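Fold and contact review
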Amino acid sequence: MFNTKQYLSELSKYMELKVQENKNMNITLINGTVVTNTTSTTGGVSARAYENGSWGFSSSSHLDDSSIRYVLQTAKANAEFLDQRLRKNRPFFKPNDFSFSKSFVTTKPRLTQKQILDYLNELDAYILMKYPNLIERSIGLRCLDMDKSLLTSHGNTLDSLLCRSIIFISMTVDDGNDPISLYQIYGGRGQFEDNFITPEELFPKIDILYDELIQKSKGVYASAGLKECILDSDLAGILAHEAIGHTVEADLVLAGSVAGPNINKEVASPLITLKDFAYEYNGETCPIPIYIDDEGTKTSDVTIIDQGILKNFMHSKESALHFGVEPQGNGRAYEYSDEPLIRMRNTAILPGTSKLEDMIASVEDGYYLTRTNNGQADSTSEFMFGITMGYEIKKGKITRAIKDTTISGIAFDVLQSVTMVSDEMSWSCAGMCGKKQPIPVGMGGPAIKCNLKIGGR
């Protein structure tokens, strides 16, 4: 980790200095053929300066003393230049002296790229041997290590190495008319050696994926319309992130999002409490733990919706100053050359008290939707998500699987319709939010029973 503290005397008024290196490994096999096998490293230094409401920023891919001094001087000059013209005359931020150091690097011996490729080839060989009827199989590995050191003129420091490694497996069969595909993601926070011990450990999960694929291939198309549905935790998590979370990011609130006029108003069922967790949930480390954000703010959990009432937006230092509240550490940046934006960390609906089996039994004619392949939403909270796995519910019983479809609606309206929330909590660590910059995020939740529009054939 880089010692940024040696430059503290060079930081005037309010400034941030960040040294960061991102390492990526991407491997993809399609039908046993390696089509991608790359590693990449990007790194450098950046500085950001604040002058009466105007920001100046500068970055360099060179990490030496002269480059660091150059970006500090340039950021400061850029802020002063803008201040002379914009004259915002805004106050400075209150000092928040806090330091933290955390590394999630493995303590196990590191594997070579060839050893990791051998692991993936063993997975592929197992799938080929056991399921020769597949018309396509795909295995992908995505590893990301984010190593950053941050210093602010208030004296805040952060030294962190955040790691994530995920494997995704996709299978495709021919149902006689069309190719039918299904995929699943495994892994999460931590380096490859901590998440994947032996290929054999994934074999039972691969078998489950195949069984679900066959159910889906024999499934039916959903009947389009407004339906009573149970969204499993993966879908509740993406609903919390994409359709609600973005509308309460303060920069989007200032741009006119639907959440803006609704603070302290009822926007959801009283059964719904939604939070953006900083680094811990129920004593366990969150999928993407953020202890200090990229603005040097000590992080804390943001309660967005409390028993149906919209309570808070998510803030950067600047937006918190605008709204007259304390920032809670949502300023995040992906690369050394990126300025922090208001971003989510680990967004989740909190569990309720209902049992999933009781929720299913309560539905006369609806759907139990279990997996998504992502989707999109806008600042009105209108959303559309793809559904890649789900089942009909008839008279309280799960019956046939359904083929690919979509769900859509207005997220706040959907949350108003929630009548049951399960007592289980599940997290996903595979999310990569794409608000101008990519950023890894965690999403979680219980199953929720609600009304929404489902697509047909």
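Notes on the structure in this doc start here. In this text the structure is predicted, and so the values were computed from the model without any measurement.

Considering unusual backbone geometry
You will see that Lys13, though not glycine, has its phi angle at about 45 degrees, which is positive. Judged by relative accessible area, which is 55%, Lys13 ranks as exposed. The phi dihedral of Ser381 is positive, around 75 degrees, even though this residue is not glycine. With respect to the element layout, Ser381 can be found in the loop between strand 17 (365-377) and strand 18 (382-394).

Comments concerning the environment of Met171
Among the structural elements, Met171 can be located in strand 6 (residues 157-174). Placed 12 residues apart in sequence, Met171 and Tyr183 show a C-alpha to C-alpha distance of 6.3 Å. The residues contacting Met171, other than those within four sequence positions of it, are Ile127, Leu134, Glu136, Ile180, Ser181, Leu182, Ile206, Leu209, Tyr210 and Leu213.

Here we look at the layout of surface pockets
A volume near 970 Å³ is recorded for the largest pocket. Considering the residues around the largest pocket, the lining is formed by 37 residues, among which Ile185, Asp234, Ser428, Cys429 and Ala430 are closest to the centre. Mapped by element, the contributors of at least two residues to the lining of the largest pocket are strand 7 (179-189), helix 5 (233-244), strand 17, strand 22 (426-435) and strand 23 (437-445). Residue contributions to the lining of the largest pocket peak at nine residues, all from strand 22. Taken together, the residues of the lining of the largest pocket break down into 15 nonpolar, 17 polar and five charged. For the second largest pocket, the calculated volume is near 440 Å³. Put simply, the parts of the chain that give the lining of the second largest pocket at least two residues each are helix 6 (250-254), helix 7 (317-323) and strand 15 (341-342).

Brief notes about the pattern of salt bridges
Going through the model one piece at a time under the given rule, you end up with 25 salt bridges. Residue Arg69 is joined to Asp65 by a salt bridge in which the shortest nitrogen-to-oxygen separation is 2.9 Å. With Arg69 and Asp65 both in helix 1 (residues 65-86) and four residues apart, this pair spans about one turn of that helix. Lys108 is paired through a salt bridge with Asp194; the nearest N and O atoms lie 3.9 Å apart. With a gap of 86 residues between them, Lys108 in the loop between strand 4 (99-103) and helix 2 (113-130) and Asp194 in helix 3 (residues 192-195) connect regions that are remote in the sequence. Among the residues examined, Asp194 registers a relative accessible area of 34% and is labelled partly exposed. One network of salt bridges, in which partners are shared, links Glu10, Asp65 and Arg69.

Calculation notes
In this numbering scheme, every chain counts its residues from 1 along its sequence in written order. Confidence filtering applies because this is a predicted model: local features only for residues at pLDDT of at least 70, side-chain atom pairs given and counted only at 80 or more, and all residues used for totals across whole chains, interfaces and linings. To obtain the side-chain values, all non-hydrogen atoms of the structure were used and water was disregarded. The buried label applies to any residue whose accessible area, calculated with a 1.4 Å probe on protein chains only, is under 20% of its type's maximum; exposed applies above 50%, and partly exposed to all values in between. A run of H or I in DSSP becomes a helix once it reaches four residues, and a run of E becomes a strand once it reaches two; helices and strands are each numbered from the N terminus. By the convention used here, residues are in contact when the closest approach between their heavy atoms is within 4.5 Å. Every definition here rests on a 1 Å grid over the protein atoms only: cavities are sets of points where a 1.4 Å probe fits but cannot get out, pockets are open sets enclosed by protein on both sides within 12 Å along at least five of seven lines, and lining residues have some atom within 4 Å of a point. Grid points are joined across faces, edges and corners, and a volume is the space filled by probe spheres set on the points. Under the scheme applied here, ten amino acids are nonpolar (Ala, Val, Leu, Ile, Met, Phe, Trp, Tyr, Cys and Pro), four are charged (Asp, Glu, Lys and Arg), and all others, including Gly, are polar. Only one rule defines a salt bridge in this text: a Lys or Arg side-chain nitrogen within 4 Å of an Asp or Glu carboxyl oxygen.

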